[in-house]
Each structure stands twice: as C-alpha cells, then as structure tokens.
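# Examination of the molecular architecture
What follows is each chain in one-letter form.
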Amino acid sequence: MGNIMRLRASHSTESKMHVTGAKPGARFSGLPALSRKAICLCLCLPAVWLPAVKAGFASQSFSESGVGRAAQISPGGTTLSAAGSSDLERGFARDVISGNGSRGPFRLSWKGIVPGRETVLIDGRPGLRGVDYNLDPASGTIAFTSPLGASSMAKVEYGLDPATSVRSGSGFALPLALNLYSSGSSSLQMSALYRQSATDPNAADAILGFQGKTQLGANTSFASSVYMDQGGAANSGSLWQRAAARFGGTTQIGDLSITGSYVSAGQAFSAAKDYGFKGGEGQQNLALAWKPEGSRLSLGSSYDRRDFSGGAKTVTTLNNTLGYNVAPGTAFLFTRTATATQTGSGVTDVQVNEFKLASAIGQKTSTQFVWTDTLQGPQDALSRTTTQQVTLNTSLLKDVAVNAGMKLTDSEATGSASALNVGLSAAPLKDVALTAAFQANTVQSGEDTTAVDIGVKARPLKVVELQANFAGRGSDLGGADNSAGLRVATAASDRWKLSAGITDRQASAGFRTHDIRLDAQPYKTLKLSGGYAFSDSDDNTLAVKDINASAKPLDYFNIAGGYKTRDAGDYSIDTTMLSFTLEPWKYLGLTAALADNPEDSKGNPQQYSSRSLGLKSTFGILALTGDYSYKDEYAIGRQWFQTRLGLGVAVARATQLTGGYEYSETQESAGVSSRRISLGVTRNLGSDFNLSLSGSRIDDEAAAEQRRRYEAEMKLGMKF
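Values in this document were obtained by computation on a predicted structure and should not be read as measured data.

### Here's the deal with the overall build of the protein chain
A tally of helices and strands in the protein chain yields two helices and 46 strands. For the protein chain, the residues scored as buried account for 32% of the 720 residues in total. A separation of at least 24 residues holds for 43% of the contacts in the protein chain among residues at least 6 apart in sequence.

Shown next as structure tokens:
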C-alpha cells in the first residue's frame, strides 16, 4: 500500500451562547505519513494565478477535525501532524517536521502538552532531550541543537492533557513555482508564496521571487535570487525594507579559485526564514584559495562582513590560512583569524593565531601538536590566552590501543590550568576485553579533579558473561566518590536468560544495589519476565519487584500484563498493566486495557489510573467503530472520560458515507465537556486519488459558558 498524501481545507464558523465576539480559527490540515516527495510538493502555476488564489483563500479559515491529521506551516519549516491516528497511543499526537537548514524553534500543532512524554526521531535516529533537541511544553515549540537540513525530517510524538493541551494557532501557506526559461547553461524561475495569518484569517502575505542561474564558460558560474514582499498581514515599510536578494558566483583560474556572494534582507521581509535569510541583515563575502596541482603548499584567504539591524552592529572577519605538507603523513597548518565587532558602544576585537602540526609515524601511531594564541576584548584592553595541546594515538602492541593528551592553558584573566587524559583498550585474552581511562584537571583559580574508569568484560564459558567496572572521582573540595559493580549473565538456551548484578558506591553517603532478572519463554505462545532490585543507602531503602507476561493461546486472542511493586519504607506505589485483543471473526474485533500508576519513558510511576475499551466491526457495507476511555488523576482530583462512535456505509464500490459522534468530559473543580457530531462522504477517484467532504458541529461547555462551532472539511488524497 503506497504512502498517502492528504491535504484538507476546512471552513469553520463559531458562535458563543451567552458570549459574543468569537473569532474563527485558522488551520490547514492533512495526513502525516508523507514521503519527502509530498513535503516538497510544489504547485507549478503561472504568476497571474496568484491574485486569484489570494482572493479565494483570504476569507476562509482552516482547522483540524480533532480525529484526523493536520498539516501546519511552522515558523522555519513545514510541520505535518496527527492526533487521534489509529497507530498512536490514546492521548498522544505526532508531528513530522521538514527541515529548512535552521535549528528552529519549530512550532508543534499543540501547546500545553505533557512534559517529559515526548519521543523524537531525527532522520530515523532517536534524539535525546538536551543533547539533540530542547522542547518547551508550555508554548509547544521544539528547537534542535544542530540545524535540521532541507533533506532531513524529524518525527515528534508527545502526550496531550485534556485540561491543558490546546491547538497552536497556525496559518496556511501555499508555494507556487514556474520555470520561465531553461537552456543548457542558464535557467530562470519565478516563484511565489502565499501565506495566511495565524491570528487573522482575513490577513495574508504574498511573496514574489525570481531565481536565475547561468554558466559562463566551463569554470565560471553565477546565481542570483530576488524576492519582493507585497505587504500584508503584519509587515509594512518601503519596497527595499520588504525585499531580499542573494547574488553569488564562483570561478576557477588555473590553480586559483574565487568565490563571492552578497546577501541582503530588509527588516520587514516577512518570508526571511522561508528562504534562508535573516531579516534586517546583510552579508558580503569574498574567498580565494590557491593550491597548485602537485604542490605541497596551499593558501587561502576570506573576507566576511555582516551588518545587523540597518548598521546598528557590524561584524567583520578576515581569515588567512597557510598549509604545507612537509612529508608524506606530516603537515602543518597556520591560521590567523581577526574579528571586529562594532556597535554604538565601541569596537571589540578577537584575534586568533593557531599553528597545527600533525604527523603519522608508521601505520599505527599518529601525533598532533596545536598552539593557539588568542587576544580578546575592547581595543584598549585586550586580554591574552595561550594554549598548547599534544595528543598521541598508537596501537603498536597487538590488541592494545592507547590514546593520550595533555593541554596547558595560560590566561591573563583566569590564570593557568592543565588537563591530562590517558585511555587504554586491550584484549589480552580471546574472551577478555579491558578498558581504562584516567583524567586529571588542575586549575589555578578553581577546583582540581581526577577521574578513573576501569571496565572488564569476560566470557569464561560459552553461556556465561561477566562484566566488572570501577569508577573513581576525586576532588580537593568535594572529596572522593567511588563505585564498583559486578554483573553476571547466563543464557542456558534461547528461551531462558538469567542476569544478576551488584553495585557499591561510596561517597558522602554509602549506596548499594542488588538486582536479579529472569527472561523466559517456556512455550512458543507464552513469554515471562521478572526481576527484583534492592537499593540501600544511609538515608533510605527501596525494594522493587516486577513480573510481566504475554500470551497468545489462540490465533485470534492475545493478552499481556505486568505488575510492579515499589517499597521504600513509608512510601509505596504499585504499577498494574493489563491489555487484551480479541478478534474471533474477521468482522469483529475487541480491545481492552487498564493501567494503574503506569511508568513514563524514564521509568517513573505516574499517579493516575486509566481504562479503555474499543470495538471495530464490519458487516457487508457497514463498518462500525467505537471506544470508551477513562482516566483518573487521583493525585490532583481530576477525571477524564471520552466516548467515540463511528459509522461507515459503502453506498457504492468507490463511495462511502461516514458519520461520527464524540463526547469527552473532564471532571474537577471547573469541569469541561465537548460534543462533536460529524457527517461525510469519501469518493475514490481511480486507484490513486480520493476526495472526502465532511462537516461537524462541536459544542464546548466550561462552567457556565457554552460555545458552538461548525467545521467543513475537504480532503484530497493521493497514493504514490
């Protein structure tokens, strides 16, 4: 089954009972399971269509139904989101973010989300909070620590709270492109971007641009792009302030290459992030590189000037490099970088001279020496810092690798410091691996520290593995903090695995843990696991016991459950999980689940209870779905209920009528309830396209206030 792209436009009107002045929202919706093709989809329309497009959309609002999937344009990128999808755990939403070469922040489709319950995949790789990304649950924004490239994607799944989670406002954006001219050496393209305001459906921006490329001979090329903001939702100013331009070229003259560029964007250019500009900034760059073929010598020089906020701040950087290959495997590189930052308060300089010498001694040893001299500060009060760093990597001995480094720092501002590190990895025997590391830091005006790490892994028997480790930390202020551990794992067969371990830590307070775990599959249809862990410190003790099981006694029946107890003296909390799936006939399926104090992704118990029951059934032309959910957050005195029913009728081979009812209620000091009734029709247009039309009425009630909204939706789906 191919991927499905669905773009949904919905017109929504809203009225309040007892309250006036309600304003319609603005959203643009679709499905998240898109390939790169769908996200980069561009409508090739002539420029004369742009006013018509603008007139057609300016008076509409775009919103998500709440049980479908939404596509929203976030600042700096495209976000495709899902809420209520069948492959998502109840109470979760998913956003798929298309990168644009920036770190963000990118706006999620919900804000006020549950902290610490997100899962982030960056190009399929799991991301770590604080390392790969930072997420603000209150505002519903995520920023990445590294730029998310134009060919990259990030998938974010996060938990929703009925009491605090609300949809983020977002506008609607439509990109347009048209190839005006193309030949073997030159091309010219016109583009446009229409974007509706996130806060005012009647306000919009329109951007018109031209991009050109030309090849002047075999070694010279030139590219340019100009964009003009027509003025709209939130921008004003002169034409220059609402425009942006980028010019660049490169040429090769013998062994000399030259590149240059000019970039400028006005302060009022609203699409700066969309096209990779920074509003109110200008940049000029010129770079030269000379490397004769067959020569050991290379030279490089570059000039870069950036103007911020109309000249309020200027940063100028001049960089020169000289490289020379002394002999095969040995080279040095000298770099001089001078940066001057000029503001109304004066000029600040940073001058860095760096000398690097790297050499390979044979095939198993390499060394490197780096000397750096830095002058930094106002022109009349420069402060100097010098560093010398030596590193060595060698594997002269068989099955032994050593790396070592020494760094000395001398600063006029903070004094002197030194850092020494030595690492070793070895395999002295066939089934034995050893690792060791030592670090020592000495600071003239701070705390001196040392660290030792030793690890041993051995397999004395084919079915037995041993792991031992020691970690020692020392400080002239904080004292010693040492820990040691031993772990044994055995697998008598593929169906029986046993492991046990002990860890002992000695710091200001002693701490010791013991644990044992068994994983078994006594029968093909039954899996069991259980464990016991005990932690003892000078302050308290904690005992944790758990058992988990899953069974599939019949092809149409599956049951899984788990139980965990935590006993910490005067504190105790138990976790219970149970779920089953029953599909006795192809036209009937039942699911049920219960959870008491379930754990989050970090293993911390959450203080609530939940129950759910679901049904799906198909009888000829009728398809029926339904589910009921209940959540009791007993710690804060809040309960949440939700009931959903759906009906589909296949009136023809390619046409289906749908209907649905949804009711949700939050019970606390100020309860909130919502009812939704929807009707729709879906029509398959051949084997690759389908069209859906639907309408909904939503009644929201909070305390004495009642609000009624109407939504109309249109979806276009495509398989590819």
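Continuing now.
### Describing the packing of aromatic side chains
Under the criterion given, the structure shown has ten aromatic pairs. Between Phe-557 and Phe-580 the ring centres are 6.2 Å apart and the planes differ by 40°, which places this aromatic pair in the tilted class. Of this pair, Phe-557 sits in strand β37 (residues 557–567) while Phe-580 is found in strand β38 (residues 572–585), placing the two residues 23 residues apart along the sequence. Looking at Phe-557, the relative accessible area reads 23%, which means it is partly exposed. Here Phe-580 falls in the partly exposed class, since its relative accessible area comes to 30%. Counting every residue linked through ring pairs, the aromatic cluster contains Tyr-227, Phe-269 and Phe-277. Seen from the ring of Phe-308, Lys-313 lies directly overhead, with NZ or CZ sitting 5.4 Å from the centre.

### Brief notes about the side chain of Asp-373
Along the polypeptide, Asp-373 turns up in strand β25 (residues 365–378). Using a relative accessible area of 7% as the deciding quantity, one classes Asp-373 as buried. Polar side-chain contacts of Asp-373 include one of 2.7 Å to the side chain of Arg-384. When neighbours within four sequence positions are excluded, Asp-373 is seen to be in contact with Gln-351, Val-352, Asn-353, Arg-384, Thr-385 and Thr-386.

### Section: the nonpolar core
Ranked by size, the top nonpolar core spans 17 residues in total, and within it Ile-97, Leu-108, Ile-142, Phe-144, Val-156 and Tyr-158 carry the most contacts. Elements supplying a minimum of two residues to this core: β5 (92–98), β8 (119–122), β10 (133–136), β11 (141–144) and β12 (153–159). When sequence neighbours within four positions are dropped, the list of residues in contact with Tyr-158 reads Gly-91, Phe-92, Ala-93, Asp-95, Leu-108, Ser-109, Trp-110, Ile-113, Arg-117 and Glu-118. Core analysis: the second largest hydrophobic core is formed by eleven residues, Ile-207, Ala-271, Ala-272 and Tyr-275 among them.

### Details of the pairing of β5
Where burial is concerned, most of β5 is hidden: seven out of the seven residues are buried. Covered by surrounding structure in β5 are Phe-92, Arg-94, Val-96 and Ser-98 together with Ala-93, Asp-95 and Ile-97, the residues of both alternating faces.

### Re the pattern of salt bridges
Opposite charge on two side chains permits them to pair, given that their charged atoms come into close proximity. Taken as a whole and assessed by the stated rule, the structure comprises 24 salt bridges. Notably, a salt bridge pairs Asp-304 with Arg-306, separated by 3.5 Å at the nearest N-O pair. Residue classification places Asp-304 among the buried residues on the basis of a relative accessible area of 13%. Assessed through its relative accessible area of 34%, Arg-306 is described here as partly exposed. Its salt-bridge partner being Asp-627, residue Arg-644 comes within 3.4 Å of it at the nearest N-O pair.

### Some points on the sheet that holds strand β6 (residues 106–107)
Ordered in space as β6-β11-β10, the three strands form an open sheet in which the pairing is antiparallel. Looking along the sheet, the strands with just one partner apiece sit at the ends: β6 and β10. Examined bridge by bridge, β6 and β11 share two bridges and lie antiparallel to one another. Pairing of Phe-106 across the sheet is with Ile-142, part of β11.

### Quick notes on the pairing of strand β24 (residues 346–361)
Pairing between strand β23 (residues 330–343) and β24: 14 bridges, direction antiparallel. Counted as the bridge partner of Thr-337 is Val-352 from β24. In this sheet, β25 lies alongside β24 in antiparallel orientation, the contact comprising 14 bridges. The residue bridging Ala-360 from the neighbouring strand is Ser-366, located in β25. Hairpin connection between β24 and β25: a loop of three residues separates the two successive antiparallel strands, and Gly-362 in this loop has a positive phi of roughly 75°.

### Concerning the environment of Ser-483
Within the element layout of this structure, Ser-483 appears in strand β32 (residues 479–493). In this structure, the C-alpha to C-alpha distance between Ser-483 and Gly-510, residues 27 residues apart in sequence, is 9.6 Å. Those residues in contact with Ser-483 that sit more than four places away from it in its chain are Asn-469, Phe-470, Ala-471, Asp-504 and Arg-505.

### As for the environment of Gln-211
Relative to the assigned elements, Gln-211 resides in strand β16 (residues 204–215). Residues Gln-211 and Ser-225, spaced 14 residues apart in sequence, show a C-alpha to C-alpha distance of 4.2 Å. Those residues in contact with Gln-211 that sit more than four places away from it in its chain are Ser-187, Leu-188, Gln-189, Met-190, Ser-191, Ser-224, Ser-225 and Tyr-227. Within polar-contact distance, the side chain of Gln-211 engages the side chain of Tyr-227 at 3.4 Å.

### Notes on unusual backbone geometry
Within the chain, Asp-399 stands out as a residue other than glycine whose phi angle is a positive 65°. One can find Asp-399 in the loop between β26 (383–394) and β27 (400–411). The backbone of Asn-597 sits at a positive phi, close to 55°, despite the residue not being glycine. You can see Asn-597 is positioned in the loop between β39 (588–596) and β40 (609–619). Residue Asn-597 is classed as buried on the basis of its relative accessible area, which comes to 9%.

### A word on the environment of Gln-642
Topologically, Gln-642 is positioned in strand β42 (residues 638–652). Residue classification places Gln-642 among the buried residues on the basis of a relative accessible area of 10%. The spatial distance from the C-alpha of Gln-642 to the C-alpha of Ser-629 is 5.1 Å, given a sequence separation of 13 residues. Each residue touching Gln-642, except ones within four places of it in the same chain, is listed here: Arg-90, Asp-627, Tyr-628, Ser-629, Glu-662, Tyr-663 and Ser-664. Polar side-chain contacts of Gln-642 include one of 3.5 Å to the side chain of Glu-662.

### Details of the confidence of the model for the protein chain
Residues of the protein chain with pLDDT of at least 70 account for 83%, and the chain-wide mean is 81. Note that pLDDT drops below 50 for residues 1–86; the model gives that stretch 253 contacts with residues more than four away or on any other chain.

### Structural notes on a nonpolar patch on the surface
Side chains of Trp-585, Tyr-587, Leu-615, Phe-619, Ile-621, Leu-622, Leu-624 and Leu-647 sit close together on the surface and give an oily, nonpolar patch of about 750 Å² of accessible area. Among the secondary structure elements, those contributing two or more residues to the nonpolar patch are β40 and β41 (622–633). Tracing the backbone shows Tyr-587 in the loop between β38 and β39. On the accessibility criterion, Tyr-587 (35% relative accessible area) is partly exposed.

Parameters and conventions
- Residues numbered from 1 in each chain as written.
- Predicted model: local features only at pLDDT ≥ 70, side-chain atom pairs only at ≥ 80, totals over all residues.
- Heavy atoms only, no water.
- Helix = DSSP H or I, 4+ residues; strand = E, 2+ residues; numbered from the N terminus.
- Buried < 20%, exposed > 50% of the residue type's maximum accessible area, 1.4 Å probe, protein only.
- Contact = heavy atoms within 4.5 Å.
- Phe/Tyr/Trp six-rings, centres within 6.5 Å; stacked < 30°, edge-to-face > 60°.
- Lys NZ or Arg CZ within 6 Å of the ring centre and 35° of its normal.
- Polar contact = N/O pair within 3.5 Å; in protein donor to acceptor, adjacent residues only side chain to side chain.
- Core = buried A, V, L, I, M, F, W, Y, C linked by side-chain atoms within 4.5 Å.
- Salt bridge = Lys/Arg side-chain N within 4 Å of Asp/Glu carboxyl O.
- Pairing = 2+ DSSP bridges.
- pLDDT = per-residue confidence, 0-100.
- Patch = residues over 30% accessible without salt bridge, like charges linked within 9 Å, V, L, I, M, F, W, Y side chains within 5 Å.
- Areas by Shrake-Rupley, 256 points an atom, 1.4 Å probe, with all protein chains shown as cover.

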